[in-house]
Amino acid sequence: MAMEPPSAVPNAFAVAETSISWRLDAQAAKRIRTELGLNPISWCETPSPEGGQPSLASGGEGGMVFSYPPTNARHGVRPKARRSPKKGPPRRRYEPWNRLSTELVLHIFKQLAQHDIATCARVCTHWQGLAYDETLWRTMVISNRRIAPAAIFHAIHRNPRYLQVTNCDLNDFDEDELTAVVLPSRTLGLTRLDLSNTRISDEDVARLLSVAPKLKTLNLSGCFSITDQSLLAVAKYCPNLDALSLRMTDKVSAIGIEAITKHCKKLRVLSVGWTKGTLGCGPHIADHCSKLEYLDLSGMSFEMTDDLVQKITKQSPKLKSLDLSDCYNLTSESIDHICDTLKCIEHVSMSRCHHVTSEPMWRLAKISTLKSLNLIGCYPQIVPDIQKECAHLVVNQPQFSALPPFS
């Protein structure tokens with residue numbers, strides 16, 4: 001068997017195409033091609049010497065073009081085209097935080113301050129969803145700021161249980177800023193609201209209360225800008241109210257307090273101490289607040305009388321704390337009503353009640369359930385003796401009302 005030499009010598013450093021001609025059968029050609037490691041590209045035919053059609057079977061001269069497979073990209077071989085990346089959502093970059101469970105990340109966020117949680121919400125969409133979880137915003141405190149009402153309503157979208165906005169100013173804004181207020185579309189789980197010493201309008205108080213039907217505790221002490229309209233909103237939207245403080249509110253009257261006492265039947269704590277314009281509110285409290293346990297009537301100077309004290313103690317026998325400081329018309333008869341009627345009394349304040357004699361005070365101090373007694377500004381001669389004989393009793397401490405804290 002004779003084979004003609006190749007027409008070109010393969011070059012290992014370039015893409016080579018070689019044409020080989022032979023006269024042999026197909027099986028021999030396949031074996032030689034396999035041994036040489038050649039890949040067939042196409043057949044080429046040459047006419048036979050006899051002038052007939054070339055044919056391998058008939059011994060005609062035929063040929064096949066072969067190419068050597070490229071060995072390396074350095075040899076001038078064109079690299080294969082890269083496949084276009086598959087379309088789809090971008091892959092999340094690997095971060096150690098992504099391996100933590102949602103519960104663990106929330107537990108870590110709970111150890112942070114609220115302004116730090118707000119910063120974490122800006123990291124990525126995943127953290128933003130976790131940072132806005134309601135469990136992280138059970139308590140929200142905003143104090144000593146001048147803020148727009150819209151900021152407060154934006155805050156309550158987090159559905160806190162306790163919202164404290166103290167010593168803030170919400171009134172000094174234009175009408176355009178007020179129209180930006182957006183109320184939540186759902187009822188909130190807010191149970192405690194503290195707006196003490198905050199300058200806020202009646203309209204904003206009503207808006208807050210309209211989305212908080214579960215409110216239990218409301219502190220409006222020191223809100224000098226609210227009027228009876230706010231109290232009417234309390235009576236309308238908060239039937240389950242348990243504690244209310246209106247201490248030192250100047251513009252409310254007996255009309256608003258009457259509405260509250262009629263509609264808020266579950267009131268247990270009520271403070272109207274030093275509230276101007278509440279002339280005539282005492283009878284409403286005596287008639288409608290039978291479940292009271294803590295009552296602050298301090299500063300009702302000449303309006304509070306012995307008969308009114310008798311009526312209040314008779315209608316509210318569960319009273320534990322009673323503040324009658326600066327009620328100048330009270331006499332020893334009021335002390336007798338307290339001792340005879342209130343069997344669970346723990347705290348009494350009779351500071352600057354100068355018409356009460358010392359003997360009823362001794363009787364009051366010896367009540368077994370009594371824990372504290374305030375006699376500031378009067379009876380300097382008997383206070384040291386009471387402290388000596390009644391060791392269980394705290395006298396003149398604290399100097400303010402013994403109401404439970406609203407914060």
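About the thresholds
Numbers given for residues are sequential positions, taken from 1 along each chain in its written order. This being a predicted model, a pLDDT of at least 70 is required before a residue's local features are given, and a value of 80 or more before pairs of side-chain atoms are given or counted; all residues contribute to the totals for chains, interfaces and linings. The basis for every side-chain value is the complete set of non-hydrogen atoms in the structure, without hydrogens or water. Under the scheme used here, helices are H or I runs from DSSP no shorter than 4 residues and strands are E runs no shorter than 2 residues, and both carry numbers assigned from the N terminus. Each residue is assigned to one of three classes by its accessible area relative to the maximum for its type, calculated with a 1.4 Å probe on protein chains only: buried under 20%, partly exposed between the two thresholds, exposed over 50%. In this description, contact between two residues means that some pair of their heavy atoms is separated by no more than 4.5 Å. Only the protein chains shown count as cover for residues, and the accessible areas themselves come from Shrake-Rupley with a 1.4 Å probe. Every residue gets a pLDDT, meaning the predictor's confidence in that residue, from 0 to 100. Note that the arc is computed from the directions linking the helix axis to the C-beta atoms. For this analysis, a salt bridge means a side-chain nitrogen from Lys or Arg found within 4 Å of a carboxyl oxygen belonging to Asp or Glu. Following DSSP output, two strands are said to pair if at least two bridges run between them. For the purposes of these results, a polar contact is taken to be a pair of N or O atoms within 3.5 Å, where, inside protein, one atom must be able to donate a hydrogen and its partner to accept one; residues adjacent in sequence count only when each atom of the pair is a side-chain atom. Stacked, edge-to-face and tilted labels apply to pairs of Phe, Tyr and Trp rings (six-membered ring for Trp) whose centres lie within 6.5 Å, assigned for plane angles under 30 degrees, over 60, and everything in between, in that order. Distance and angle both matter: a charge sits over a ring if NZ of Lys or CZ of Arg is within 6 Å of the ring centre and within 35 degrees of the ring normal. In this scheme, patches are assembled from residues that exceed 30% relative accessible area and form no salt bridge. Like charges are connected within 9 Å, while nonpolar side chains (Val, Leu, Ile, Met, Phe, Trp, Tyr) are connected within 5 Å. Here the positive residues are Lys and Arg and the negative ones are Asp and Glu; neither His nor the chain ends is included. Here the site of a charge means NZ on Lys, CZ on Arg, CG on Asp, or CD on Glu. With axes taken as lines fitted to C-alpha atoms, and helix axes fitted only over the stretch in contact, angles between N-to-C directions fall between 0 and 180 degrees. Angle categories are assigned with fixed cut-offs, so that under 35 degrees is roughly parallel, over 145 is roughly antiparallel, 65 to 115 is roughly perpendicular, and the rest are oblique. Crossing handedness is read from the near helix: turned anticlockwise from the far helix by less than a right angle, it gives a left-handed crossing, and turned clockwise, a right-handed one. Asp, Glu, Lys and Arg are counted as charged, while Ala, Val, Leu, Ile, Met, Phe, Trp, Tyr, Cys and Pro are counted as nonpolar; the rest, among them Gly, fall into the polar class. Put simply, buried Ala, Val, Leu, Ile, Met, Phe, Trp, Tyr and Cys residues joined by side-chain atoms within 4.5 Å make one nonpolar core.

> Whenever I open this one, the overall build of the protein chain confuses me. Can you help?
Within the protein chain one finds 14 helices and 14 strands. Residues classed as buried in the protein chain amount to 45% of the 407 residues present. Pairs at least 24 residues apart make up 70% of the contacts formed inside the protein chain by residues separated by at least 6 positions. When the accessible area of the protein chain is evaluated, it comes to approximately 22,900 Å², of which 53% is carbon and sulfur surface.

> What should I look at first to understand the confidence of the model for the protein chain in this one?
Any region with low pLDDT has predicted coordinates that should not be read closely. A residue-level look at the protein chain finds 73% of positions with pLDDT of 70 or above and a mean pLDDT of 80. Considering only residues more than four positions removed or in separate chains, one finds that residues 11–18, a stretch of pLDDT under 50, has 18 contacts. The low-confidence segment residues 41–62, where pLDDT is below 50, has 36 contacts with residues more than four positions distant or belonging to other chains.

> Even after reading the chapter, I still don't get helix 2 (residues 102–109), so can you show me in this structure?
Residues three or four positions apart in an α-helix share a direction because the helix packs 3.6 residues into each turn. Every buried residue belonging to helix 2 is among Val105, Leu106 and Phe109, and all of these are buried. Buried residues in helix 2, looked at end-on, bunch into an arc of 100°, giving them a common side. Elements in contact with the buried residues of helix 2: helix 3 (114–120) and helix 4 (125–131).

> It is not clear to me how the pattern of salt bridges should be interpreted in this structure. Could you clarify?
Two side chains that carry opposite charge are able to pair once their charged atoms sit near each other. On inspection of all chains with the given rule, the structure shows 12 salt bridges. Between Glu346 and Lys371 there is a salt bridge, and its shortest N-O distance comes to 3.9 Å. You can see Glu346 sitting in the loop between helix 12 (332–341) and strand 12 (347–349) and its partner Lys371 sitting in the loop between helix 13 (358–365) and strand 13 (372–374), a full 25 residues away along the chain.

> Before we go on, may I ask you to explain the sheet that holds strand 9 (residues 269–271) in this structure?
Across a sheet, paired strands are connected by hydrogen bonds in the backbone, their directions being either parallel or antiparallel. Across the sheet, 11 strands lie side by side as 4-5-6-7-8-9-10-11-12-13-14; this open sheet has parallel pairing. The open sheet has two edge strands with one neighbour each: strand 4 (139–143) and strand 14 (394–395). Judged from the 3 bridges that link them, strand 11 (residues 321–323) and strand 12 form a sheet pairing that is parallel. Pairing of Leu322 across the sheet is with Val348, part of strand 12.

> What exactly am I supposed to notice about the environment of Arg161 here?
Inspection of the secondary structure assignment puts Arg161 in the loop between helix 5 (149–155) and strand 5 (162–166). Taking the C-alpha atoms as reference, Arg161 lies 5.4 Å from Thr191; in sequence the two are 30 residues apart. Not counting residues within four places of it along the chain, the set of residues in contact with Arg161 comprises Trp137, Arg138, Gly189, Leu190, Thr191 and Arg192. Looking at Arg161, its side chain comes within polar contact range of the main-chain oxygen of Asn159, at 2.9 Å.

> Looking at this structure, I do not really get the packing of aromatic side chains. What am I missing?
Tallied over the full model, the rule gives 2 aromatic pairs. A cation sits over an aromatic face here: Arg158 above Tyr132, 3.9 Å from the ring centre. In this arrangement the basic side chain of Arg192 is found over the ring face of Tyr162, its NZ or CZ atom lying 4.4 Å from the centre.

> Explain a positive patch on the surface here, please?
Side chains of Lys216, Lys266, Lys291 and Lys318 sit close together on the surface and give a patch of like positive charge. Position of Lys318 among the secondary structure elements: in the loop between helix 11 (306–315) and strand 11. Taking relative accessible area as the criterion, Lys318 reaches 52% and is therefore assigned exposed.

> I tried to follow the packing of helix 10 (residues 281–288) against helix 11 on my own but got confused; where do I start?
Think of two packed helices as two axes; the pair is described by the angle between the axes and how far apart they sit. Two elements in contact, helix 10 and helix 11, have axes whose closest approach is 8 Å; the angle formed by their N-to-C orientations is 25°. Judged by the angle between their axes, helix 10 and helix 11 are roughly parallel. Helix-helix and strand crossings are classified by hand; for helix 10 and helix 11 the assignment is left-handed. Between helix 10 and helix 11, the contacting residues are Gly282, Pro283, Ala286 and Asp287 on the first element and Leu308, Lys311, Ile312 and Gln315 on the second. Taken together, the residues of the contact of helix 10 with helix 11 break down into 4 nonpolar, 2 polar and 2 charged.

> Quick question: what am I supposed to make of the nonpolar core here?
The tendency in soluble globular proteins is for nonpolar side chains to be buried side by side. One finds Leu324, Met350 and Leu364 to be the most contacted residues of the largest nonpolar core, which totals 94 residues. Per-element tally for this core: the top contributor is helix 13, with 4 residues. Other than its neighbours up to four places away in sequence, Leu324 contacts Leu297, Met304, Val309, Leu330, Ile338, Ser349, Met350 and Cys353.

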